[in-house]
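Below, each chain spelled out in residue letters.
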Amino acid sequence: MALEMRERCERCTPTPLPADGPARICSYECTFCEACGEALGQICPNCGGELVARPRRPAAAA
């Protein structure tokens, strides 16, 4: 099963997150931009899990 590559930060929704760009995710695929991940202390506000770097997917594969 592939990761759902969400296109928006869950905290600051106007921030676009391209599949080939940097983002932070938890094990439940909650997704945040890097700035929000830093502001949250790398802890997901939804589940309390660790936010880690989301793998990047080449634009052609998205």
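The structure presented is a predicted model; accordingly, all values stated were derived computationally and were not measured.

Calculation criteria
Residues numbered from 1 in each chain as written. Predicted model: local features only at pLDDT ≥ 70, side-chain atom pairs only at ≥ 80, totals over all residues. Heavy atoms only, no water. Core = buried A, V, L, I, M, F, W, Y, C linked by side-chain atoms within 4.5 Å. Buried < 20%, exposed > 50% of the residue type's maximum accessible area, 1.4 Å probe, protein only. Contact = heavy atoms within 4.5 Å. Helix = DSSP H or I, 4+ residues; strand = E, 2+ residues; numbered from the N terminus.

1. Concerning the nonpolar core
- With ten residues, the main nonpolar core is built from Cys9, Leu17, Ala23, Cys26, Cys30, Phe32, Cys33, Cys36, Cys44 and Leu51.
- Residue contacts for cysteine 26: discarding those within four places in its chain leaves Cys44, Cys47, Glu50 and Leu51.

2. Topic: unusual backbone geometry
- If you check the backbone angles, glutamate 29 has positive phi at about 70° while not being a glycine.
- Note that glutamate 29 resides in the loop between β1 (24-25) and β2 (31-32).
- Classification of glutamate 29 by relative accessible area gives buried; the value is 18%.
- If you check the backbone angles, glutamine 42 has positive phi at about 60° while not being a glycine.
- Topologically, glutamine 42 is positioned in the loop between α1 (34-39) and β3 (52-53).

Any functional reading would require information beyond the geometric quantities listed.
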